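Reading the structure
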Amino acid sequence: MTVHQAQSKLNEVYDFLISFEGMINPDNIRFSRWLRDAQALRKSNPAEGFLMEALVYRAQGKLDKAVDYAKKSYQLDKSVARNDYATILSDAGQFKEAIDLSLLNLQEDNFDEPAFIRLIIDSSNTLNKEALLRGLSLFKNPNSKSRDLRHLGNNKLNRIDKQLSILEQMKITIDNFNAISSIAARALNGYYLGKSKIITTIQHNEVGTFLIIDEKIPNVSIDDCFMIHDKYIDDLIDSDLSFKDYNRIMYNFLPLEDDDLSSDDILRQQGILV
């Protein structure tokens, strides 16, 4: 396999990961072909070969194998896998490790926009205000897009403060909140590839007050969501959390409808916003 051919194979996997949005078919024949290509690529470029294999395993929903092979690539050549490794860690629900890696990437390169974007997403989802503040202090802004990212990061700080206030009122610890988020991420990403939208609300009823987390997923059916939710519940029950740790948090997986899209979401779909 020539260098050009190897690079085109890796780019083919990237294109698939970027464009695909829906439930995963791990038996897709192209995945077997890509795995053979990745193993062949390892002979000429081990770091890229392991990364390609990691990306294919992610596409199959094999999250632990994806993390393992991304780590191998990163250990061989940080420059090849640094941001992909962080993304795969996040997809596998290993948010702390993903945040630590993104911060390390920003320490090594203050202009690393993908690392900063990854940090914004993960620190916002885990309500890690300290990490986001650290990232904002590290990231430099050479252009207007970077300034927009800093603005987004500052907006997320305000959101984190509001979310932390809600958790405090409901006496839900941030550790338990993040443990549940991690379990949910693994349940979702074992079956699904693509973006989703998380909406958090508080519900009061005769039984008590509950934190409702609705994860809206594009291009899925309600039956798909039931399957993801069953996996989430099984993993939640098998986790180290006790019932009292999560009985006031209701996590739902739901199909994303057009009514769920904000004006910014629509602009992003049209390529107008990043």
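Residues numbered from 1 in each chain as written. Predicted model: local features only at pLDDT ≥ 70, side-chain atom pairs only at ≥ 80, totals over all residues. Heavy atoms only, no water.

1. Section: the environment of Ile199
- With respect to the helices and strands, the residue Ile199 is situated in strand E3 (residues 197–204).
- Through-space distance from the C-alpha of Ile199 to that of Ile213 is 5.9 Å; in sequence the pair is 14 residues apart.
- Ile199 has contacts with Ile212, Ile213, Asp214 and Lys216, leaving out every residue within four places of it along the chain. (Helix = DSSP H or I, 4+ residues; strand = E, 2+ residues; numbered from the N terminus. Contact = heavy atoms within 4.5 Å.)

2. Considering the layout of surface pockets
- There is about 180 Å³ of room inside the second largest pocket.
- Lining the second largest pocket are Gly93, Phe95, Lys96, Ile99, Asp100, Thr126, Asn128, Asn178, Ala179 and Ser182.
- Listed by contribution, the elements that provide at least two residues to the lining of the second largest pocket are helix H6 (95–108) and helix H10 (174–189). (1 Å grid on protein atoms, 1.4 Å probe; cavity = no way out; pocket = protein on both sides within 12 Å on 5 of 7 lines; lining within 4 Å. Points joined across faces, edges and corners; volume = space filled by probe spheres on them.)

3. Quick notes on the side chain of Asp112
- By the element assignment, Asp112 lies in the loop between H6 and helix H7 (113–125).
- A distance of 3.4 Å separates polar atoms of two side chains, one belonging to Asp112 and the other to Asn83.
- Each residue touching Asp112, except ones within four places of it in the same chain, is listed here: Arg82, Asn83, Asn105, Leu106 and Phe139. (Polar contact = N/O pair within 3.5 Å; in protein donor to acceptor, adjacent residues only side chain to side chain.)

4. Examining the packing of helix H4 (residues 63–76) against helix H5 (residues 78–91)
- Look at H4 against H5: their axes get within 8 Å of each other, and the N-to-C directions meet at 160 degrees. Considered as vectors, H4 and H5 are oriented roughly antiparallel to each other. Crossing geometry of H4 relative to H5 is assigned as left-handed. Packed against H4, whose contacting residues are Leu63, Ala66, Val67, Ala70, Lys71, Ser73, Tyr74 and Leu76, the element H5 presents Lys78, Val80, Ala81, Arg82, Tyr85, Ile88, Leu89 and Asp91 at the interface. (Axes fitted to C-alpha atoms, helices over the stretch in contact; angles between N-to-C directions. Parallel < 35°, antiparallel > 145°, perpendicular 65-115°, else oblique. Left-handed = near helix turned anticlockwise from the far one by under 90°.)

5. Structural notes on the packing of helix H3 (residues 46–60) against H4
- As a packed pair, H3 and H4 sit with axes 8 Å apart at the nearest point and diverge in direction by 165 degrees. Taken together, H3 and H4 sit at an angle that is classed as roughly antiparallel. As H3 runs across H4, the sense of the crossing is left-handed. Residues Pro46, Ala47, Phe50, Leu51, Glu53, Ala54, Tyr57 and Arg58 of H3 pack against Leu63, Lys65, Ala66, Tyr69, Ala70, Lys72, Ser73 and Leu76 of H4.
- Considering only residue class, the contact of H3 with H4 consists of 11 nonpolar, one polar and four charged. (Nonpolar A, V, L, I, M, F, W, Y, C, P; charged D, E, K, R; others polar.)

6. Focus: H10
- Taking 1.5 Å per residue as the helical rise, H10 with its 16 residues ought to reach 22 Å, and the 22 Å between its terminal C-alpha atoms agrees with that figure.
- H10 sits mainly inside the fold: 12 of its 16 residues count as buried.
- Among all positions in H10, only Asn176, Phe177, Asn178, Ile180, Ser181, Ser182, Ile183, Ala184, Ala185, Ala187, Leu188 and Asn189 are buried. (Expected span 1.5 Å × (residues − 1). Buried < 20%, exposed > 50% of the residue type's maximum accessible area, 1.4 Å probe, protein only.)

7. With respect to the environment of Ala115
- Mapped onto the elements of the fold, Ala115 is located in helix H7.
- You can call Ala115 buried: its relative accessible area is 0%.
- In sequence terms Ala115 and Leu101 are 14 residues apart; their C-alpha atoms lie 8.4 Å from each other.
- Dropping the residues within four chain positions of it, Ala115 is found in contact with Asn83, Ser102, Asn105 and Leu106.

8. Overview of the packing of aromatic side chains
- Under the criterion given, the structure shown has 12 aromatic pairs.
- Between Phe243 and Tyr246, the ring centres sit 5.7 Å apart and the planes meet at 85 degrees, which makes this aromatic pair edge-to-face. Remark: Tyr246 and Phe243 occur in helix H12 (residues 243–246); sequence separation between them is three residues, near one turn of the helix.
- Taking the relative accessible area as the measure of exposure, Phe243 reaches 58% and is therefore exposed.
- Both rings, one in Tyr251 and one in Phe253, keep their centres 5.2 Å apart while their planes meet at 40 degrees; by these two values the pair is tilted.
- Given the relative accessible area of 4%, Phe253 is considered buried.
- Aromatic rings pair up to connect Phe16, Phe20, Phe31 and Trp34 into one cluster.
- The residue whose ring lies beneath Lys72 is Tyr69, and the NZ or CZ to ring-centre distance is 5.8 Å. (Phe/Tyr/Trp six-rings, centres within 6.5 Å; stacked < 30°, edge-to-face > 60°. Lys NZ or Arg CZ within 6 Å of the ring centre and 35° of its normal.)

9. A few points about the confidence of the model for the protein
- For the protein, per-residue confidence averages 91 on the pLDDT scale, and residues scoring 70 or more make up 92% of the total.
- Every residue in residues 262–274 is under pLDDT 50, and counting partners more than four places away or in other chains gives 11 contacts. (pLDDT = per-residue confidence, 0-100.)

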